[in-house]
Amino acid sequence: MMIHKKHLSIRPTRHGLLFLIILGAMMAGSINYNNNAGFILVFLLGGMALISLFYSLKNLIGLSLFFVSASPVFAGRTARFTFQVQANGMERAGVTLALPEQADILETSLLKHETKTVHLPLKTTARGVFTPGSLTVSSVFPFGFFCLTTRMSLPMSCLVYPSPADGPVTPVKGGGDLDGTAGSRFSGPDDFQGLSLYQPGHDVGRIAWKAVSKGQGVFVKDFTAGAGGFMMLDFDAIASTDTEFKLSRLCRMVVSADRNKTPYGLKLPDRVIPPAQGPGHKHQCLRALALYGKKDSLS
């Protein structure tokens, strides 16, 4: 998207406002005392301000910005939105870019034919499709008297996975019951996977008492069941009425299974993803968790 003159709004900065007030006072003094030198100085400084406005417009008009991508992140993490900025045959200086609610703005400059890739970080809060809003482009170049601003509505979004939550999960035993009609579930542990922080509702029998006796905190033992060569991660197998908690637990299980290179599938109330492995399968499962029950979708 290219910036045109009609997109820009102009307002004086605090320094610019002070400059104009001083210029007005000098003009009044020159008229009162009929001072020719004062007139010359006022017109000289006024002309300089007008020329700076011309260069401010020239600095932004014709500049192009494109949204490139934003890699998926877990809820609560910071997403990085990547943009391409094209100078289009003119040097640009002091161009600032900012997303809504972004703490730090990014300032960049470009050479005459340069195309630059920039990244803007923004913290996410909830799973789903995160759209940050309009991108604000502004500049006070060259003297800081005027601030030119435009808000660009670029088609940008980022997929946000649920935040992984520790806790026990009872996977469905592998073996072909992917439709869930005759599931052969089991809750007994097969392979010890590690320790996770105790949460209310955990099975007391799985508390790692040795860690408690050593004063290391209260942890529970995590197990996976991989009989049949794979395991199914079932939404309904998690003992909770909180949908978001279930999705967060499944998210943790997907990450753990992928890290342990265990084939796994995912069963949600509205869809079933067959067991598989690899980064593509992991993203497919996490994407299904991120968009579960959401009307939004990524283009």
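Residues numbered from 1 in each chain as written. Predicted model: local features only at pLDDT ≥ 70, side-chain atom pairs only at ≥ 80, totals over all residues. Heavy atoms only, no water.

## Considering the sheet that holds strand E7 (residues 115-123)
Pairing within the open sheet is antiparallel, and its three strands lie in the order E2-E4-E7. With one partner strand each, in any of the chains shown, strand E2 (64-70) and E7 form the two edges of the open sheet. The sheet shows a mean angle of 30 degrees between the axes of neighbouring strands, direction not considered. Both strand E4 (residues 78-86) and E7 contribute to a ladder of nine bridges, which runs antiparallel. Along E7, the bridge assignment pairs Thr78 with Lys123. (Pairing = 2+ DSSP bridges. Helix = DSSP H or I, 4+ residues; strand = E, 2+ residues; numbered from the N terminus. Axes fitted to C-alpha atoms, helices over the stretch in contact; angles between N-to-C directions.)

## Considering the packing of helix H4 (residues 243-259) against helix H5 (residues 279-291)
Direction vectors running N to C along H4 and H5 enclose 175 degrees, while the axes themselves pass 10 Å from each other. Judged by the angle between their axes, H4 and H5 are roughly antiparallel. Packed against H4, whose contacting residues are Leu247, Leu250, Cys251, Val254 and Asp258, the element H5 presents Lys282, Cys285, Leu286 and Leu289 at the interface. (Parallel < 35°, antiparallel > 145°, perpendicular 65-115°, else oblique. Contact = heavy atoms within 4.5 Å.)

## A few points about the side chain of Thr82
Inspection of the secondary structure assignment puts Thr82 in strand E4. Classification of Thr82 by relative accessible area gives buried; the value is 11%. The residues touching Thr82, leaving out its near neighbours within four places in the chain, are Phe66, Phe67, Val68, Ser69, Thr117, Val118 and His119. (Buried < 20%, exposed > 50% of the residue type's maximum accessible area, 1.4 Å probe, protein only.)

## A word on the UniProt feature "transmembrane region" (unreviewed entry) in the chain
According to UniProt, the feature "transmembrane region" (unreviewed entry) maps to residues 12-31 and 37-57 in the numbering used here. Structurally, residues 12-31 is divided into 90% helix and 5% strand, and its ends, taken at the C-alpha atoms, are 25 Å apart. (UniProt positions renumbered as here; feature names shortened; annotations may be inferred.)

## A closer look at the packing of aromatic side chains
By the definition in use, this model includes nine aromatic pairs. An angle of 15 degrees between the planes, with centres 6.4 Å apart, marks the rings of Phe39 and Phe43 as stacked. One end of the pair, Phe39, and the other, Phe43, are both in helix H2 (residues 36-60), four residues apart, so they sit about a helical turn from each other. Classification of Phe43 by relative accessible area gives exposed; the value is 56%. In this structure an aromatic cluster arises from ring pairing among Phe67, Phe81, Phe83 and Phe130. (Phe/Tyr/Trp six-rings, centres within 6.5 Å; stacked < 30°, edge-to-face > 60°.)

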